[in-house]
Amino acid sequence: MLGPARIRVAGTADLEVIVIVGYGRGNIRSVENALERVGCRFRTAGNPREIASADKLVLPGVGAFGECMDLLRAKGFEAAILDHVARGKPLLGICVGMQMLAETGHEFGTHRGLGLVRGKVVQIPRKDNSLRLPQVGWNELRPRKDCPLLRDLPGDRTAYFVHSYHLAADEAADISADVEYGGPVTAAVSVPPVYGMQFHPEKSQEVGLRILSNFAAL
Amino acid sequence: MLKIRVIPVLFLMNGLIVRSERFEDFKVIGNPLGELERYSEWLVDELVYSDITRDGDHDLRRDDHKTKNPGDKLAILRAVSESAHMPLTFGGRIGSLEEIDSYLLNGADKVLVNTLAWREPATVSRAAERHGAQAIMAGLDVRRVDGHPIVFVDQGRESTGQAPDVYARNLERAGAGEILVNSIDRDGCAEGYDLEVVRAVADAVSVPVIACGGAGDFSDFRAAIDEGGASAVAAGNLFHFTENSYKRAKTYLKDRAYDVRYPYPG
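Residues numbered from 1 in each chain as written. Chains lettered and ligands numbered in written order. Predicted model: local features only at pLDDT ≥ 70, side-chain atom pairs only at ≥ 80, totals over all residues. Heavy atoms only, no water.

Draft legend 1. Broad picture of the interface of chain B and chain A. Counting residues at the interface gives 46 residues for chain B and 35 residues for chain A. Across the chain B to chain A interface the summed buried area is about 3,400 Å²; carbon plus sulfur atoms make up 52%. Contact with chain A buries area across many residues of chain B, yet L2, H85 and Q134 of chain B alone supply 21% of it, more than any other trio. The interface formed by chain B and chain A holds 23 residue pairs in polar contact (both at pLDDT 80 or more) in total. Taken together, the residues of the side of chain B that touches chain A sort by class into 20 nonpolar, 12 polar and 14 charged. (Contact = heavy atoms within 4.5 Å. Buried area = accessible area lost by both parts, 1.4 Å probe. Polar contact = N/O pair within 3.5 Å; in protein donor to acceptor, adjacent residues only side chain to side chain. Nonpolar A, V, L, I, M, F, W, Y, C, P; charged D, E, K, R; others polar.)

Written out as structure tokens, the structure reads:
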């Protein structure tokens, strides 16, 4: 029968703990459902103290850059996330969670980001009005460099995008995958131990589960 | 390249999945979770659940959290989102910002708003500011009156008097990130989409437009893309009643060089 295969990581009981940063934005439930399916140990943290013991962090996000960043700061997560990364532990930002890794965001004004990836978040460049925004749907990932999260992707390597802004990285070498949408649009960044996915791995069926499973296995 | 999406739409009525014809005849065809299993196996691009329950109070200013149906709806959404490993749009009969918040918190990736955008566009704008325009799919239901397409709200019962292109521009201005164009006259009739209306809306806005209402066979999908200018095609009955129809639709389009996602072996 044709069905989404369950991707399980060997020896999941020994795996380290993934903590989802629950600052009030992002489809936490979908991320939890997907991690559950991958079979990893995870929990969602509602305050910064709860992420101190995390081995890996997932930073989700939907909505506007500034509002997400304000909430993250107001709840005191910024310093805790930066501290986690400074200790060399992996961080995965998803959608606006990836955009917040940048130095600045330019949606509804200019906002300071976490500054973990050099670059800024700008609207997807539009040469004419024929390009529809937001970009909604499945687009084929084009690898730009070797990234452990993007290895062994099954099927047609399509992932689900829904966004109008993207991370324009200063260094092309920080981009691990892009997609074609009126020109190259940043799909994934990798500045170990920091990783970001503009698309939603938690909604991208087998391709997404593979990426989350790769993250769990880092 | 961005793939053309093929989207099954499931109509919920009093908690069950129904087939709908011209917005007035309904027949129960299943339960929300049973249907979901099939669509999960088919690896659908995304799924839309639209509540079209008719009875009950339609006052948009009611407190929805205290009435029975929306409570059931939240339970349905939670159950569906646990096993839905595809992008999920949930909506229909949404009457408040709080309702939008609660759907997005409980597993919906997008909400489908309709009458609310006509009565309280500012509420839709606030939702778009809070959650991003990409989380707001707006429904636009058209009925032909003396041959002229007019947008209707309240499940086809109230005319807005507006032409689809004008109405669509207002939806985009209010913060809709996507527009689902449905035809009341063609709903469930399998006579093809109202291509003229789909085209008018697609030309009027720069957000993605989804054609819905009337797909009878796979060639209607081609027409919606080529002639209607749709970014995505949606259908209900076509997927409910034909064996393995979703994958066959994808194969049909792929064989004709349409850029669809095809995550199937072989």
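Draft legend 2. Examining helix α1 (residues 32-41) of chain B more closely. All names here are of chain B. Buried residues of α1: P32, E35, L36, Y39 and S40, and no others. When α1 is viewed along its axis, its buried side chains cluster within an angular range of 140 degrees and face the same direction. Its side-chain oxygen placed 3.0 Å from the backbone nitrogen of L33, N31 serves as the N-cap of α1. Residue L43 follows α1 closely and has a positive phi angle near 50 degrees. (Buried < 20%, exposed > 50% of the residue type's maximum accessible area, 1.4 Å probe, protein only. Helix = DSSP H or I, 4+ residues; strand = E, 2+ residues; numbered from the N terminus. Arc of directions from axis to C-beta.)

Draft legend 3. Representation of the environment of L114 of chain A. Residues and elements named next belong to chain A. Counting through the fold element by element, L114 comes out in the loop between β6 (111-112) and β7 (117-123). The sequence separation of L114 and A102 amounts to 12 residues, and the corresponding C-alpha distance is 6.1 Å. Those residues in contact with L114 that sit more than four places away from it in its chain are L59, M69, L72, E78, I81, L82, M100, L101 and A102.

Draft legend 4. Here's a closer look at the sheet that holds strand β1 (residues 18-21) of chain A. Residues and elements named next belong to chain A. Read across the sheet, eight strands follow the order β2-β1-β3-β4-β14-β13-β12-β9 without closing on themselves; strand pairing throughout is mixed. Each edge of the open sheet is held by one strand with a lone partner, namely β2 (42-45) and β9 (142-143). Strand direction decides the pairing type here: β1 and strand β3 (residues 56-59), joined by three bridges, are parallel. The residue of β3 that forms the bridge with V19 is L57. (Pairing = 2+ DSSP bridges.)

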